[in-house]
Amino acid sequence: MLLAAAVILSGCTEQRLFAVRAVAAGVPSLAPFFEEDGSLGTDETKLRPEQAHSGLQQGNTPGLYGGTQKPKVCDVDRLKDFLTDPRNRQKAREWARIVGIEPDRIEGYIDDLTPVLLRHDTLVKNHDYKKGKAVAFDALLEAGIAVLVNDQGLPAVKCSCGNPLQSFDKDPEKISVKFEDGNKKWDGYEKSDVVTVKPAPEPLEQIALIDVDNPDQGINRPVGSTGENDEPFDATKQHAVPRVAGMTFDQASQRLSELGLAAAFSDGLPPGDAAVTGSDPGPGTELRFGEAVTLSVADDGEEPGTPPKPDPSDGPPTDDDPTSDGPTTDGPTTDEPTTSGPTTDDPSSSDPTTDDPTTGDPDTGSPTSGEPTTIEPTTAVPTTPTTSSTPPTVEPTSAEPTSAEPTSAEPTRSEPVTSEPASSAPGSSGAPASGESAVGAA
């Protein structure tokens, strides 16, 4: 019975996984749109998958893709000629339907795509051509496969066969990769390093690639070009992490991308308008091109544009004490709450007078002369009155003034007061209370 239960549970677990077909570099497809004979595009079969810093990566991630100076990795002109040939009209209709355009826009659409090489094993939705129809299937493309990407950095076409590609839309944590039909498990395959590409926050003008033949060199390739306008750059040069706290996630991601750094995140892709609270590593850290910066975002309910929480990588605050701008001569200011609003549920912990159990009750006595006054409690509970030896002090206004009457169930008595009114207590509506200081991000 135990064995049967184990088999049943195992079967249920397998049913919850999404079957993904492995597609190895250089292995022809069984049902391609274009005859896969090497005339349309070629893969880099000796390129090992790179270790991924994040399972989800945006299309503007520097170094996400590779490039090469070798010609005809993708023969874009040949693909256009094939899909606009009247003999391939039905294929062209299905191809256009998958990419979401009209057949007469195929040439212009392809002209806006850019050839690159995958540097990571990448999940996509691939399409065979069977019996006059495009048939979708989830696929894992091996690193080294040549693809055309659009201006959001998303794989759009598999170069060697012309198959249209779409974004993988299932949970990448629940996949079962099938190595079959000649697509054997390749060297360097690790399920934990599989990547899903999400759209860049803004349309790309150029794509920052790593030269697969010389990893110390980068290539800036304009979108829609095939390598003729490439500009090389030094990929070993380091860049300082910028201060991103207070930006939205999209803004921070874009800023990092401009500096050649990748944006990483620990728990799913955050919303584009999520407020960034800090980064790891912190501002000023020098990183090489393509290295990742993990962004922390605010909890739900915090609005972007509000004062950011301190960056945890900046260290403990020094001169940013929110009470430092207030007056310091009339009473304690460092630990005392002010009149700017409620700060804590236990204001008595920092009260200089420790023998008064009713500091949170409103003061019903009116200001008098500099002599301290005592009002007898209204109950029989014995109290210790404040003696005249206590030096006059200005009591902190730990609670906001209110017109509520004291309740008869609680003893009330006034605190020692001076001739100065309570409004002279430190703090104002323009200075934040110490209890309202921002909390660092996790």
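As shown above, the structure is provided for reference.
In this report, the structure presented in the accompanying data block is examined. (Residues numbered from 1 in each chain as written. Predicted model: local features only at pLDDT ≥ 70, side-chain atom pairs only at ≥ 80, totals over all residues. Heavy atoms only, no water.)

Comments concerning the nonpolar core
(1) Moving on: If you look at the biggest cluster of nonpolar residues, it comprises 29 residues, and the most contacted ones within it are Trp95, Ile106, Tyr109, Ile110 and Leu148.
(2) Moving on: Looking at this core, the elements with two or more residues in it are α2 (76–84), α3 (89–99), α4 (106–111), β7 (146–149) and β8 (155–158).
(3) Moving on: Considering each element in turn, this core owes the most residues, 5 residues, to α3.
(4) Moving on: Grouped together as the second largest cluster of nonpolar side chains are 23 residues, Phe137, Leu165, Val195 and Leu204 included. (Core = buried A, V, L, I, M, F, W, Y, C linked by side-chain atoms within 4.5 Å. Buried < 20%, exposed > 50% of the residue type's maximum accessible area, 1.4 Å probe, protein only. Helix = DSSP H or I, 4+ residues; strand = E, 2+ residues; numbered from the N terminus.)

Topic: the packing of aromatic side chains
Two measures describe an aromatic ring pair: the distance that separates the ring centres and the angle between the ring planes.
(1) Moving on: Within this structure, the stated rule accounts for 8 aromatic pairs.
(2) Moving on: With a centroid separation of 5.9 Å and an interplanar angle of 80°, the aromatic rings of Trp95 and Tyr109 are classed as edge-to-face. Here Tyr109 lies in helix α4 and Trp95 lies in helix α3, a separation of 14 residues in the sequence. By the burial criterion, Trp95 is buried, and Tyr109 matches it.
(3) Moving on: Between Phe179 and Tyr189, the aromatic rings sit 5.2 Å apart at their centres with planes inclined by 75°, giving edge-to-face as the arrangement. Note that Phe179 is positioned in the loop between β10 (175–178) and β11 (195–198) and Tyr189 in the loop between β10 and β11, a separation of 10 residues in sequence.
(4) Moving on: Following the ring pairs from residue to residue traces out a cluster consisting of Phe179, Trp186 and Tyr189.
(5) Moving on: Arg21 extends its terminal NZ or CZ atom over the ring of Phe137, reaching a point 3.7 Å from the ring centre. (Phe/Tyr/Trp six-rings, centres within 6.5 Å; stacked < 30°, edge-to-face > 60°. Lys NZ or Arg CZ within 6 Å of the ring centre and 35° of its normal.)

Observations concerning the sheet that holds β8
(1) Moving on: The strand order across the open sheet built from 7 strands is β8-β7-β4-β3-β12-β13-β14, with neighbouring strands paired in mixed fashion. Lying at the two open borders of the sheet, with one neighbouring strand each, are β8 and β14 (231–234). Here the strands of the sheet are splayed against their neighbours by 50° on average, with no regard to which way each runs.
(2) Moving on: Relative to β14, strand β13 (residues 217–222) runs antiparallel, the two sharing 4 bridges. Within β14, the residue paired with Ile219 across the bridge is Pro232. (Pairing = 2+ DSSP bridges. Axes fitted to C-alpha atoms, helices over the stretch in contact; angles between N-to-C directions.)

A look at unusual backbone geometry
(1) Moving on: Between Asp280 and the following residue, Pro281, the backbone shows a cis peptide bond with an omega angle of 0°.
(2) Moving on: Relative to the helices and strands, Pro281 is located in the loop between β17 (276–280) and β18 (286–288).
(3) Moving on: The phi dihedral of Asp181 is positive, around 55°, even though this residue is not glycine.
(4) Moving on: Mapping Asp181 onto the fold places it in the loop between β10 and β11.

Some thoughts on the side chain of His120
(1) Moving on: Here His120 shows up in the loop between β4 (114–118) and β5 (122–130).
(2) Moving on: Only 3.2 Å separates the side chain of His120 from the backbone oxygen of Glu50, close enough to count as a polar contact.
(3) Moving on: Not counting chain neighbours up to four residues away, the residues in contact with His120 comprise Glu50, Gln51, Ala52, Gln57, Leu64, Leu141, Glu142, Ala143 and Val195. (Polar contact = N/O pair within 3.5 Å; in protein donor to acceptor, adjacent residues only side chain to side chain. Contact = heavy atoms within 4.5 Å.)

So, the pattern of salt bridges
(1) Moving on: Following the criterion strictly, the structure yields 14 salt bridges and no others.
(2) Moving on: The residue Lys70 makes a salt bridge to Glu44 at a minimum N-O spacing of 3.4 Å. With Lys70 in the loop between β3 (65–67) and α2 and Glu44 in the loop between β1 (18–23) and β2 (56–58), this residue pair connects regions lying 26 residues apart in the sequence.
(3) Moving on: Look at Lys70 and you get partly exposed, because its relative accessible area is 44%.
(4) Moving on: Here Lys80 and Asp111 are joined by a salt bridge, their closest N and O atoms 2.6 Å apart. Taken as a pair, Lys80 in helix α2 and Asp111 in helix α4 lie far apart in primary sequence, 31 residues in all. (Salt bridge = Lys/Arg side-chain N within 4 Å of Asp/Glu carboxyl O.)

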